[in-house]
Amino acid sequence: MALLPILRYPDPRLHTVARPVAAVDERVRRLVADLLETMYAADGVGLAATQVDVHERVIVMDTSEPRDRPLVLINPEIVARSAEMAVNEEGCLSVPQIYDRVERHARVTVRALDREGRPFELEAEGLTAVCVQHEMDHLLGKVFVEYLSHLKRDRIRTKMLKKTRDEQRGR
Ligand code: NI
């Protein structure tokens, strides 16, 4: 297993649309293992392959407490959405230390393949529903800050560029 570097907003590669996984083979299982290791090391609740510059429809999540219930979704598709919406504070490993409120469906039903390639259905609510919608957005090239106002997004973009510059200078 390996820790993978996470792309940081506004890296244009975060806007790549992921393609479906053709076959859940050893290569994909290795990617899943690396995504999980990277997510846990960064103390995140979810990570999409897009965020490590792999543009295939794979996401990993763990919204359990203690964090010991990894969830792997390959080729996820939302098959049902609640009419009811909910606003929650979100963050993202690609936009470190930024948190803001986003409105999403309160409940979603998702169909996906697990890491053995077996189909399953997940009925998600609460944090799991937030997380699955957030991660599936990544697969479509969308970062949560795109739900915020232009003003907020511009501020975040500037902050992230400065942070990256400072880190590169070793500060
Ligand atoms: Ni994210």
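Residues numbered from 1 in each chain as written. Predicted model: local features only at pLDDT ≥ 70, side-chain atom pairs only at ≥ 80, totals over all residues. Heavy atoms only, no water.

## Here's the deal with the coordination of the nickel ion
At step 1: Within the protein, Cys 92 (SG), His 134 (NE2) and His 138 (NE2) serve as the donor atoms for the nickel ion, at 2.1 to 2.2 Å.
At step 2: In primary-sequence terms, the residues that donate to the nickel ion follow C-x41-H-x3-H. Separated by 46 residues along the polypeptide, Cys 92 in the loop between β4 (85-90) and β5 (100-105) and His 138 in helix α2 (residues 126-139) bring together distant segments of the chain.
At step 3: Overall, Cys 92 belongs to the buried group, its relative accessible area being 10%. (Donors = N, O, S within 2.8 Å, 3.2 Å for Na, K, Ca; no water. Helix = DSSP H or I, 4+ residues; strand = E, 2+ residues; numbered from the N terminus. Buried < 20%, exposed > 50% of the residue type's maximum accessible area, 1.4 Å probe, protein only.)

## Some remarks on the pairing of strand β2 (residues 58-61)
At step 1: Here β2 shows two buried faces, one formed by Val 58 and Val 60 and the other by Ile 59 and Met 61.
At step 2: Looking at chain direction, strand β1 (residues 46-48) and β2 are connected through three bridges and run antiparallel. Note on β2: the bridge partner recorded for Leu 47 is Val 60.
At step 3: Bridge count for β2 against strand β3 (residues 71-81) is four bridges, and the pairing is antiparallel. By the bridge assignment for β3, Val 60 is matched with Val 72. (Pairing = 2+ DSSP bridges.)

## Quick word on the side chain of Glu 135
At step 1: As for its placement among the helices and strands, Glu 135 is situated in helix α2.
At step 2: Buried and unpaired, Glu 135 has Arg 104 as its nearest opposite-charge partner, separated by 8.4 Å.
At step 3: Not counting residues within four places of it along the chain, the set of residues in contact with Glu 135 comprises Gly 46, Leu 47, Ala 48, Gln 51, Ile 59 and Met 61. (Lys, Arg positive; Asp, Glu negative; His and termini not counted. Salt bridge = Lys/Arg side-chain N within 4 Å of Asp/Glu carboxyl O. Contact = heavy atoms within 4.5 Å.)

## Some words on the layout of surface pockets
At step 1: Approximately 410 Å³ is the volume found for the largest pocket.
At step 2: What lines the largest pocket is a set of 23 residues, and nearest its centre among them are Val 45, Gly 91, Cys 92, Leu 93 and Tyr 99.
At step 3: Those elements giving two or more residues to the lining of the largest pocket turn out to be β4 and α2.
At step 4: Class assignment of the residues belonging to the lining of the largest pocket gives a composition of eleven nonpolar, eight polar and four charged.
At step 5: Its volume calculated, the second largest pocket comes out at about 240 Å³.
At step 6: Every residue lining the second largest pocket is counted, 13 residues in all, and those nearest its centre are Ile 78, Arg 81, Gln 133, Asp 137 and Tyr 147. (1 Å grid on protein atoms, 1.4 Å probe; cavity = no way out; pocket = protein on both sides within 12 Å on 5 of 7 lines; lining within 4 Å. Points joined across faces, edges and corners; volume = space filled by probe spheres on them. Nonpolar A, V, L, I, M, F, W, Y, C, P; charged D, E, K, R; others polar.)

## Side note on the sheet that holds strand β7 (residues 119-125)
At step 1: Reading across the sheet, the five strands line up as β1-β2-β3-β6-β7 and stay open at both edges, with antiparallel pairing between neighbours. Two strands in the sheet have a free side with no partner beyond their single neighbour: β1 and β7. Here the average twist between neighbouring strands, direction ignored, is 40°.
At step 2: Sheet strands touched by helix α1 (residues 26-41): β1, β2 and β3. Its angle to β2, the strand with the most contacts, is close to 40°.
At step 3: Sheet contacts for α2: β1, β2, β3, β6 (107-113) and β7; angle to β2, the most-contacted strand, approximately 155°. (Axes fitted to C-alpha atoms, helices over the stretch in contact; angles between N-to-C directions.)

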